[in-house]
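# Summary of structural features
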Amino acid sequence: METVGRPPRRTPIPGHQIAEAFHRTALQLAAILLLILFSDVALTRAAETKIWEELSGEKALAHVQRLVDLGPHPGGSDASGKARDYIQQQLRDSGWQVTRQAFTDDTPRGKIRFVNLIARFSGDANPVSPSFLLCSHYDTKLFDNIRFVGANDGGSSTGLLLELARVLGQHASVARNVELVFFDGEEAYENFSDTDGLYGSRYFAKKLQGEGAKRFRGGILFDMIGDRSLGITLPADSPTAMARDVFAAAEALKLRKYFSYLDRDLIDDHAPLNAIGIPTIDIIDFDYPWWHTANDTMDKISPQSLQIVGSVALYYLAEFGLKR
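Figured I'd write up the structure that's included with this text. All values reported here derive from a predicted model rather than from experimental measurement.

Under the criterion given, the structure shown has 10 salt bridges. Between Glu179 and Arg120 there is a salt bridge whose closest N-O contact spans 2.8 Å. Here Glu179, found in strand S4 (residues 178-183), pairs with Arg120, found in strand S2 (residues 110-121); they are 59 residues apart in sequence, far enough to count as distant. Residue classification places Arg120 among the partly exposed residues on the basis of a relative accessible area of 35%.

Listed below in structure tokens is the structure:
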């Protein structure tokens, strides 16, 4: 039973407590505003120092060579584990903290254990949640009848992403906004379908979907970007605004002739990310005669091509991708 009567007398809050609460709130708001301002200033400084000029195509190529020296390294193989160890050590040396995202999936070759590598910059005293993804796949396609080392298909994009990690690692306030992902199991064992191929990116997207995906404003996937005769072909379904800005970045660096559109959509690791609402563009040169052949070897790729793609990517990040 509820009793009706005079309302209870409330004890007034002392004025000094109100002042203290107001002061704490003001300090918290000021800290947030300073963090936002600092981030914007840092990006401006990165642009002023021309971060894209710090990238080395030769260093990226050296990483590709190390991966190719391991031989074929499809998902689940011993060589894949060695590739993983190499990638992780290089990232740590550049100041990144690496998480291994391991999972097992059904494939036409039975159950296989895959491992994605996810890296966040660890050298910042004021860590924030990254807002942009840079991705590559590091596995090579499994063939029974040829020795496929994937210098361009898997190697070039991974080598470039490691070099991007080095450059970004020297700009902590920029690196803190970026998450690097090295996907395992991009290659299909038979034919690309909902259950074959893109194993790593599908799993990564599944774990990220919902609120986790909302914190990313976009992403870039690199794939087959080392061809000596470079011609980047953005898939026809690329996010329009991102494609426009990538073209603008290339134009600003006088490299626009290397970038155009592919005349069709493309199945690649960007698809699962777009499906969960993260606008992701696939930077790929799909006009590559040695795709999925034994001749996808080091002599078919060049440091100049890696330099071009890496420079445009860094310009895009500094001038478009990370700006609010």
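Before going further, it helps to spend a moment on the pairing of strand S1 (residues 96-107). Alignment of S1 against S2, held across 12 bridges, turns out to be antiparallel. Bridge pairing in S2 links Thr104 to Arg113. In textbook terms, the turn of a hairpin is the stretch between consecutive antiparallel strands, and for S1 and S2 this stretch comprises two residues.

This next bit is on the packing of helix H2 (residues 57-69) against helix H4 (residues 151-169). Relative orientation of the contacting elements H2 and H4 amounts to 130°, with a least axis distance of 8 Å. Accordingly, the angle class assigned to the pair H2 and H4 is oblique. In this structure, the crossing between H2 and H4 has a hand that is right-handed. Within the contact between the two elements, H2 uses Lys59, Ala60, His63, Val64, Leu67 and Val68 and H4 uses Ala151, Gly155, Ser156, Thr158, Gly159, Leu160, Leu162, Glu163 and Arg166.

This part is about H2. When the terminal C-alpha atoms of H2 are compared, their 18 Å separation across 13 residues agrees well with the 18 Å that a helix rising 1.5 Å per residue should span. Buried positions along H2 lie against helix H3 (78-93), H4 and helix H10 (303-321). Where H2 begins, one side-chain oxygen reaches toward the backbone nitrogen of Glu58, 3.3 Å away; that side chain belongs to Ser56. Looking one or two residues past H2, Gly71 carries a phi angle of roughly 80°, positive in sign.

Glancing now at the packing of H2 against H10. What describes two packed helices is the angle between their axes and the distance between those same axes. Where H2 meets H10, the axes come as close as 8 Å, and the angle between the chain directions of the two elements is 115°. Put simply, H2 runs roughly perpendicular to H10. In the packing of H2 onto H10, the handedness of the crossing is right-handed. Two secondary-structure elements touch here, H2 through Gly57, Glu58, Ala60, Leu61 and Val64 and H10 through Pro303, Leu306 and Gln307. Each residue belonging to the contact of H2 with H10 can be placed in one class, and the counts come to five nonpolar, two polar and one charged.

Attention shifts here to the nonpolar core. Counting 64 residues, the largest nonpolar core has Leu91, Trp96, Leu134, Leu180, Phe222 and Ile283 as the members making the most contacts within it. Ranked by the residues each element gives to this core, the list is headed by H10, at 10 residues. Residue contacts for Leu180: discarding those within four places in its chain leaves Leu91, Trp96, Leu117, Ile118, Ala119, Leu134, Leu161 and Ala165. By size, the runner-up hydrophobic cluster in this structure holds 14 residues, among which are Val181, Phe183, Leu208 and Ala213.

Rules used in this analysis
Residues numbered from 1 in each chain as written. Predicted model: local features only at pLDDT ≥ 70, side-chain atom pairs only at ≥ 80, totals over all residues. Heavy atoms only, no water. Salt bridge = Lys/Arg side-chain N within 4 Å of Asp/Glu carboxyl O. Helix = DSSP H or I, 4+ residues; strand = E, 2+ residues; numbered from the N terminus. Buried < 20%, exposed > 50% of the residue type's maximum accessible area, 1.4 Å probe, protein only. Pairing = 2+ DSSP bridges. Axes fitted to C-alpha atoms, helices over the stretch in contact; angles between N-to-C directions. Parallel < 35°, antiparallel > 145°, perpendicular 65-115°, else oblique. Left-handed = near helix turned anticlockwise from the far one by under 90°. Contact = heavy atoms within 4.5 Å. Expected span 1.5 Å × (residues − 1). Polar contact = N/O pair within 3.5 Å; in protein donor to acceptor, adjacent residues only side chain to side chain. Nonpolar A, V, L, I, M, F, W, Y, C, P; charged D, E, K, R; others polar. Core = buried A, V, L, I, M, F, W, Y, C linked by side-chain atoms within 4.5 Å.

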